[in-house]
Amino acid sequence: MTKQQQLKISEIGHWIGGTVVNGSGEKQPVYNPATGEVVAQLSLADKAIVEQAIAAAEAAFPAWRDTPPSKRAQVMFRFKALLEQHSERIVAAITQQHGKVLHDAAGELARGIEVVDFACGAPQLLKGEHSKNVGPGIDSWNEQQPLGVVAGITPFNFPAMVPMWMFPMAIVCGNCFVLKPSERDPGPALILAELLTAAGLPDGVFNVVNGDREAVETLLHDPRVQAISFVGSTPVAESIYRTGTANGKRVQALGGAKNHAVVMPDADLDNAVSALMGAAYGSCGERCMAISVAVAVGDEVADQLVAKLKQQLAVLKVGPGNDNSNDMGPLITAEHLAKVRKYVDIGVAEGAELTVDGRGLKVPEHAKGFFLGGCLFDKVTPDMRIYKEEIFGPVLCVVRVHSQQEAMELIDRHEYGNGTCIFTRDGEAARYFSDRIKVGMVGVNVPLPVPVASHSFGGWKRSLFGDLYAYGPDAVRFYTRRKTITQRWPSSSVREGAKFSFP
Ligand code: NAD
């Protein structure tokens, strides 16, 4: 590495109490996945740093809790304007550290901003329910009170959007937040922290600690942390849910996925193929809502589907994310690239037909980038590991079935239940599918049915541990606790005797 390159490498620390805090902990490199170069050294938070962040959040809580929701919302309005003003910078940071193409990073930011938009409605969202005269001269109402210090732990694949699924709603509900972003692309979260402070958020209400398992363990065991929102892989989600709840915390832990798209014989195949291309290979397949299994109903549909996907894969443009003409960028790290390639090898060994092999892809001038071309497997069967396990890469598996019923039974048997969709022109088939399928988010001719910010996001089965979904109305329930107050003002001129029966 030349001296000039060394000088470009910045150190990434933490954001605590409204300012940057440089940790003295172990360092970990952050890469640009398109070039394979180290772009920053991340300082991993030790227990002391995480405790400092929790203390800052706890100190900020009493005043923030008492700040009227309308004033909290005003911070969000200003934050939203700043996000739009600084969008190019945020999008560039996402692309630099995650690798996704700029247009895709802009989409991620836009979906995050939607949640901020929804959070601006805090005064309306936090309105309680009031009942007058529940008894003689007695009124009763509910209030949603904030929990206190709450934490978010987020994955690498949406370094701006997934944090924004959590903290805007947590904050407008009156909580103070500690975010632990992915150590693989931590940059965008620190820009969000800076903009929140610029929007007038009091110091300590939002904090970022960068780190790995040690930071997470500290959050899980500290009694000052009241609730944890987690998004990431299923094994970690399950473990965080178990430890967090055992420690008396409220936990929502969103996990992995294997999303199936059913292609019915009457589907508009050309449009279904276009939709599948974007949903399977967009963001290099590193989306929890990516379609990784296409279930073709009938061999005729399957043959046509595979042929058309092959044609589209031949023109899929793979390259660095900072070239907006590309469709797909690199995978996140060299380790993840090796893992996904291994799955392709496994699929071949298991006897699936590798119709398109992306392993030979070479991206000019990016020999050290973590690139893999789009891969397509046909004749995949449910016993294969490439069907059962989440690959999280640009690999689409086609499974052939004979009927809609068989397709639905297949999906219902899978351990994950995040998203699914059906391509059909038959309203009755679509309605039956959306009504019965054991999956949390369903699309009808919509390949990525990610709910908008005014709804909530969550899967079924082993894709979600906990009861409440992310963002939307569920976020108000998750980040508040209900208090019910019953009140009367008896006249001092009336003498009342004691009553011993239950009122
Ligand atoms: P990951 O589980 O490896 O990491 C997620 C977070 O947990 C990171 O902040 C990481 O530092 C931390 N972590 C990792 N291992 C840990 C451990 N042993 N103990 C404590 N903390 C740990 O996930 P990832 O690779 O960053 O993200 C990809 C995964 O996230 C995929 O499985 C994807 O499906 C899932 N995901 C799910 C959703 C959803 O809404 N269901 C959304 C996005 C991503």
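Worth saying up front: this structure is predicted, and the values here are computed from it rather than measured. (Residues numbered from 1 in each chain as written. Predicted model: local features only at pLDDT ≥ 70, side-chain atom pairs only at ≥ 80, totals over all residues. Heavy atoms only, no water.)

**Details of the pairing of strand E14 (residues 291–297)**
Right, so step 1: In terms of burial, E14 is largely enclosed, as seven of its seven residues are buried.
Right, so step 2: One ladder, built from five bridges, connects strand E13 (residues 259–263) with E14; its direction is parallel. Looking across to E14, one finds that Val 263 is bridged to Ala 296.
Right, so step 3: Regarding topology, helix H11 (residues 269–281) serves as the crossover connection from E13 to the parallel E14, and that connection is right-handed.
Right, so step 4: Pairing between E14 and strand E17 (residues 395–401): five bridges, direction parallel. Bridge pairing links Val 297 to Val 401 in E17. (Buried < 20%, exposed > 50% of the residue type's maximum accessible area, 1.4 Å probe, protein only. Helix = DSSP H or I, 4+ residues; strand = E, 2+ residues; numbered from the N terminus. Pairing = 2+ DSSP bridges. Right-handed = clockwise from strand over helix to strand, strands pointing away.)

**What about the packing of aromatic side chains?**
Right, so step 1: Within this structure, the stated rule accounts for 11 aromatic pairs.
Right, so step 2: Consider the rings of Phe 156 and Phe 392, whose centres lie 5.8 Å apart with planes at 90°: the pair is edge-to-face. Remark: Phe 392 occurs in the loop between helix H14 (385–388) and E17 and Phe 156 occurs in the loop between strand E8 (149–153) and helix H7 (161–172); sequence separation between them is 236 residues.
Right, so step 3: Where Phe 177 meets Phe 206, the ring centres are 6.1 Å apart and the plane angle is 20°; that geometry is what we call stacked. Of this pair, Phe 177 sits in strand E9 (residues 176–180) while Phe 206 sits in strand E10 (residues 206–208), and the two are 29 residues apart along the sequence. (Phe/Tyr/Trp six-rings, centres within 6.5 Å; stacked < 30°, edge-to-face > 60°.)

**Some thoughts on the nonpolar core**
Right, so step 1: The biggest cluster of nonpolar side chains holds 102 residues, and the ones touching the most others in it are Phe 79, Trp 165, Phe 177, Phe 206 and Tyr 479.
Right, so step 2: Broken down by element, the residue count for this core peaks at 10 residues, all from H7.
Right, so step 3: Counting the residues that make up this core, at least three belong to each of domain 1 (3–255 + 463–485) and domain 2 (259–444).
Right, so step 4: If sequence neighbours within four positions are ignored, Phe 177 has contacts with Val 150, Ala 151, Gly 152, Met 166, Phe 167, Ala 170, Ile 171, Val 205, Phe 206, Asn 207 and Tyr 479.
Right, so step 5: By size, the runner-up hydrophobic cluster in this structure holds 69 residues, among which are Val 263, Val 318, Leu 372 and Val 399. (Core = buried A, V, L, I, M, F, W, Y, C linked by side-chain atoms within 4.5 Å. Domains from an automatic or database assignment. Contact = heavy atoms within 4.5 Å.)

**Let's talk about the sheet that holds strand E19 (residues 419–423)**
Right, so step 1: If you walk across this open sheet you meet the seven strands as E15-E16-E17-E14-E13-E19-E20, and the pairing is mixed. Lying at the two open borders of the sheet, with one neighbouring strand each, are strand E15 (353–356) and strand E20 (441–444). Averaged over all neighbouring strand pairs, the angle between strand axes comes to 20°, with direction disregarded.
Right, so step 2: Strands E13, E19 and E20 of the sheet are contacted by helix H16 (residues 427–436), whose axis makes an angle of about 170° with E19. (Axes fitted to C-alpha atoms, helices over the stretch in contact; angles between N-to-C directions.)

**Describing the domain arrangement of the protein**
Right, so step 1: Assigned domains of the protein: these are domain 1 (3–255 + 463–485) and domain 2 (259–444).
Right, so step 2: Centre-to-centre separation of domain 1 and domain 2, based on C-alpha positions: 31 Å.
Right, so step 3: Counting residues at the interface gives 22 residues for domain 1 and 27 residues for domain 2.
Right, so step 4: Summed over both sides, the interface between domain 1 and domain 2 buries roughly 2000 Å², with carbon and sulfur atoms accounting for 61% of that surface.
Right, so step 5: A per-residue breakdown of the area domain 1 buries against domain 2 is headed by Ala 34, Val 101 and Ser 463, which together make up 24% of the total.
Right, so step 6: Scanning the region where domain 1 abuts domain 2 turns up one salt bridge.
Right, so step 7: The salt bridge involving Asp 104 is made with Arg 287; its shortest N-O contact spans 2.9 Å.
Right, so step 8: Taken together, domain 1 and domain 2 are joined by nine residue pairs in polar contact (both at pLDDT 80 or more).
Right, so step 9: Elements supplying a minimum of two residues to the side of domain 1 that touches domain 2: helix H4 (87–98) and helix H5 (102–119).
Right, so step 10: Among the residues making up the side of domain 1 that touches domain 2, the classes are represented as eight nonpolar, 10 polar and four charged. (Buried area = accessible area lost by both parts, 1.4 Å probe. Salt bridge = Lys/Arg side-chain N within 4 Å of Asp/Glu carboxyl O. Polar contact = N/O pair within 3.5 Å; in protein donor to acceptor, adjacent residues only side chain to side chain. Nonpolar A, V, L, I, M, F, W, Y, C, P; charged D, E, K, R; others polar.)

**A word on the site of the ligand**
Right, so step 1: Surrounding the ligand, one finds 27 residues, the nearest of these being Lys 180, Glu 183, Arg 184, Ser 233 and Glu 390.
Right, so step 2: Arg 184 places a polar side-chain atom, nitrogen or oxygen, 2.7 Å from an oxygen atom of the ligand.
Right, so step 3: The side chain of Ser 233 places a nitrogen or oxygen atom 2.6 Å from an oxygen atom of the ligand.
Right, so step 4: Burial of the ligand by the protein chains amounts to 88% of its free accessible area of 840 Å².
Right, so step 5: Of all the elements in the fold, those that place two or more residues in the shell around the ligand are helix H9 (213–221) and strand E11 (225–231).
Right, so step 6: Considered class by class, the residues forming the shell around the ligand number 14 nonpolar, eight polar and five charged. (Near = heavy atom within 4 Å. Areas by Shrake-Rupley, 256 points an atom, 1.4 Å probe, with all protein chains shown as cover.)

**Notes on the pattern of salt bridges**
Right, so step 1: Overall, the coordinates contain 26 salt bridges when judged by the stated rule.
Right, so step 2: The shortest N-O distance in the salt bridge between Glu 496 and Arg 488 comes to 2.7 Å.
Right, so step 3: On the basis of relative accessible area, Arg 488 is assigned to the partly exposed category, the value being 38%.
Right, so step 4: Residues joined by salt bridges that share partners form a network here, namely Glu 238, Arg 242, Glu 415 and Arg 462.

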